[in-house]
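In case you want the letters, here they are:
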Amino acid sequence: MIIEKNRCKDQKPLISIVIPTYNEAEVISETLRRVKDSLKDLDRCFEIIVVDDDSPDGTWRIASEVFDKEDINGKIIVRENVRGLGTAIIDGIRSSEGEYVCVIDADLQHPPEEILRMLKKALEEDYDLVIASRYVKGGDVEGWRLHRRIISKTAVFIARLLIPHIRGIKDPMSGYFLFRKDRVRIDRLKGDGMKILLEIIVTGDIKKIYEHPYIFHRRVRGKSKLGVKEIIDFIKQILRLSDYKIVKFGLVGLSGIGVNWGILIPLRDIIGLPLPISYLISLEISTISNFIFNDLWTFSKNRCEKSWLRRLIEYHSTLFVGLAINYVATNLLAFTTYYLIASLIGILLGFIANYIISSEFVWGLRSSRKSY
Ligand code: GDD
Ligand code: MN
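Note on numbering: residues in each chain are counted from 1, in written sequence order. For naming, the first written chain is A and the first written ligand is 1, with later ones following in the order written. With the structure being a predicted model, the display of local features is reserved for residues of pLDDT at least 70 and the display and counting of side-chain atom pairs for 80 or more, all residues being used for whole-chain, interface and lining totals. Side-chain numbers come from the whole structure's heavy atoms, not from hydrogens or water.

**Considerations on the domain arrangement of the chain**
Segmentation of the chain into domains returns domain 1 (2-241) and domain 2 (245-371). By convention here, the domain bounds are inherited from an automatic or database domain assignment. Each of domain 1 and domain 2 has a C-alpha centre, and the two are 40 Å apart. Surface buried jointly by domain 1 and domain 2 totals about 1,100 Å² across both partners, of which 60% is contributed by carbon and sulfur atoms. By convention, the term buried area covers the 1.4 Å-probe accessible surface removed from two parts as they join, with the contributions of both added. Considering only the surface of domain 1 that becomes buried against domain 2, L161, H165 and R167 emerge as the three largest contributors, covering 44% of it. Should a side-chain nitrogen of Lys or Arg be within 4 Å of a carboxyl oxygen of Asp or Glu, the pair is scored as a salt bridge. The interface formed by domain 1 and domain 2 contains one salt bridge. As a salt-bridge pair, E360 and R167 come within 2.9 Å of each other at their nearest N and O atoms. As used in this structure description, the phrase polar contact means that two N or O atoms lie within 3.5 Å; if the pair is within protein, one of them must be able to donate a hydrogen and the other to accept it, and residues adjacent in sequence are counted only when both atoms belong to side chains. Taken together, the connections running from domain 1 to domain 2 amount to three residue pairs in polar contact (both at pLDDT 80 or more).

Here you go:
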């Protein structure tokens with residue numbers, strides 16, 4: 001059901017503010033009022049789109065009353081029998097009419113007063129996307145305990161590790177952002193996780209990104225919907241967005257062990273070559289086979305203009321970096337923990353280093369990094 005509140009006459013809105021809501025009855029009136037106030041100096045028409053999943057607490061009814069009382073232009077989308085923040089935001093974007101869209105939470109953890117500044121930045125300096133960022137200078141999080149900060153930073157670290165596109169962005173998981181609508185491919189968005197911004201960046205045609213600092217406020221009323229299901233969805237979402245590259249890279253690495261042993265054993269035990277020589281030959285062949293699989297499979301879409309020989313040579317050198325990191329980490333950690341555990345951590349760190357260098361330098365995913 002869509003409740004239209006058409007008050008812009010024939011003008012097309014410059015910006016659409018999309019506000020997803022689920023059980024925000026306690027706060028929605030204040031949010032709508034503050035969003036409206038924050039845009040009072042804008043000399044163009046704007047619209048507010050509330051997307052509510054038929055909240056049991058009747059959020060949408062209250063929103064509808066406030067739209068009338070405050071003379072707000074826009075619409076209220078009430079989705080029956082569906083739930084999900086990602087798809088709610090997509091439905092909001094889809095029905096938006098503005099040239100720009102801003103997505104903001106309803107619970108006032110995202111201060112609406114930043115919207116106009118973000119819009120000005122986008123208009124004046126021609127940014128495709130402005131992210132309200134907790135993690136650039138001047139931004140912060142209010143009242144988070146240490147463990148919550150660690151969870152958030154870990155999520156950012158994992159996302160940046162897996163999705164090379166976003167490695168330059170400090171707060172790629174922000175739920176508060178503003179973009180030029182013609183730069184986003186709405187048809188490619190699925191909205192299966194909470195982090196719709198990641199999808200927008202990966203699938204869209206976004207070149208210039210700016211991170212605008214803001215303070216993520218404490219939630220005063222209502223409660224957060226972030227739970228275990230959301231965390232699992234998040235992992236699935238970033239794996240899909242990264243095209244499962246790290247998984248493929250890991251499987252190729254495992255296949256390399258098979259190739260290595262498959263050559264080492266006959267060379268040493270059947271032909272009788274000395275270990276140092278048979279080891280070198282098998283290591284070399286497994287490195288080349290790893291390269292071929294990664295080139296044809298893991299990074300098949302990223303074979304840039306470099307020649308394959310150059311990629312092979314570069315990939316080859318990542319091996320030494322990974323080995324060196326593995327060696328140093330294992331030896332250092334062995335002082336404090338059981339040596340096999342130290343060795344496992346060493347392997348993991350070496351693997352991560354290899355993956356980062358391979359994706360960024362060998363297969364050039366770094367060059368597709370966005371400019372700011
Ligand atoms: N329509 C709809 N359907 N809205 C939802 C749903 C849903 O299933 N789940 C949550 N919302 C709305 C909430 O009402 C709120 O306005 C907003 O989405 C964010 O939900 P919260 O539950 O407050 O999320 P959070 O505070 O834990 O996390 C938020 O902030 C993070 C940091 O900026 C989200 O915006 C995250 O995406 C963001 O990373
Ligand atoms: Mn919140």
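**Digging into the packing of helix 9 (residues 275-298) against helix 10 (residues 308-333)**
Helix axes are fitted only over the stretch in contact, all axes being lines through C-alpha atoms; the angle between N-to-C directions runs from 0 to 180 degrees. Starting at the N terminus, helices and strands are each numbered in turn, a helix being any DSSP run of H or I of at least four residues and a strand any DSSP run of E of at least two. Following both chains from N to C, one finds helix 9 and helix 10 inclined at 120°, their axes separated by 10 Å at the closest point. Considering the angle they form, helix 9 stands oblique to helix 10. Considering the relative orientation of helix 9 and helix 10, their crossing is right-handed. Together, E284, T287, I288, N290, F291, N294 and D295 of helix 9 and W308, R311, L312, Y315, H316 and L319 of helix 10 make up the contact between the two elements. Following the grouping adopted for this structure description, the nonpolar residues are Ala, Val, Leu, Ile, Met, Phe, Trp, Tyr, Cys and Pro, the charged ones are Asp, Glu, Lys and Arg, and the polar ones are all others, Gly among them. Looking at the contact of helix 9 with helix 10 residue by residue, the class counts come to six nonpolar, four polar and three charged. Note that the term roughly parallel is reserved for angles under 35 degrees, roughly antiparallel for angles over 145, roughly perpendicular for angles of 65 to 115, and oblique for everything else. Here is the rule for handedness: rotate from the far helix to the near one, and if that takes an anticlockwise turn smaller than a right angle the crossing is left-handed, while a clockwise turn gives right-handed. In what follows, a contact means two residues having at least one pair of non-hydrogen atoms within 4.5 Å.

**Section: the sheet that holds strand 5 (residues 100-103)**
Strands sit in the order 1-4-3-2-5-8-6-9 across an open sheet of eight strands; the sheet is mixed. In this open sheet, the two strands that pair with only one neighbour each are strand 1 (2-5) and strand 9 (209-213). Averaged over all neighbouring strand pairs, the angle between strand axes comes to 15°, with direction disregarded. Of the strand pairs in this sheet, strand 2 (residues 15-21) and strand 3 (residues 46-52) are connected by seven bridges, and their pairing is parallel. Its bridge partner being in strand 3, I15 is matched across the sheet by F46. Criterion used throughout: strands pair if DSSP finds at least two bridges between them.

**Let's talk about a nonpolar patch on the surface**
Taken together, Y244, V247, L251, L254, I257, W261, I265, I288, I292, L296 and W297 make up a surface patch of nonpolar side chains, about 1,100 Å² in accessible area. For the nonpolar patch, the secondary-structure elements that each account for two or more residues are helix 8 (245-271) and helix 9. Counting residues per element, the nonpolar patch draws most heavily on helix 8, which supplies six residues. Note that L296 resides in helix 9. Under the scheme applied here, a residue whose accessible area is under 20% of the maximum for its type counts as buried, over 50% as exposed, and between as partly exposed, the area being computed with a 1.4 Å probe on protein chains only. Residue class for L296 comes out exposed when judged on its relative accessible area of 55%. Residues with no salt bridge and a relative accessible area higher than 30% make up the patches, which join like charges within 9 Å and nonpolar side chains (Val, Leu, Ile, Met, Phe, Trp, Tyr) within 5 Å. Every accessible area reported is derived by Shrake-Rupley at a probe size of 1.4 Å, with residue values counting cover from the shown protein chains alone.

**Regarding helix 6 (residues 196-203)**
A turn of α-helix holds 3.6 residues, and therefore any two residues three or four places apart point the same way. Burial of helix 6 is extensive: eight of the eight residues sit out of reach of the surface. Turning to helix 6, its buried residues are I196, L197, L198, E199, I200, I201, V202 and T203. Lining the buried residues of helix 6 we find helix 3 (85-94), strand 6 (129-133), strand 8 (177-180) and helix 7 (228-241).

**Re the side chain of S278**
Locating S278 in the fold gives a position in helix 9. Setting aside chain neighbours within four positions, we find S278 in contact with L264, L267, R268 and L273.

**Overview of the side chain of S289**
Inspection of the secondary structure assignment puts S289 in helix 9. Exposure remark for S289: the relative accessible area of 15% places this residue in the buried category. Among the polar contacts listed, one links the side chain of S289 to the backbone oxygen of S286, at a separation of 3.1 Å.

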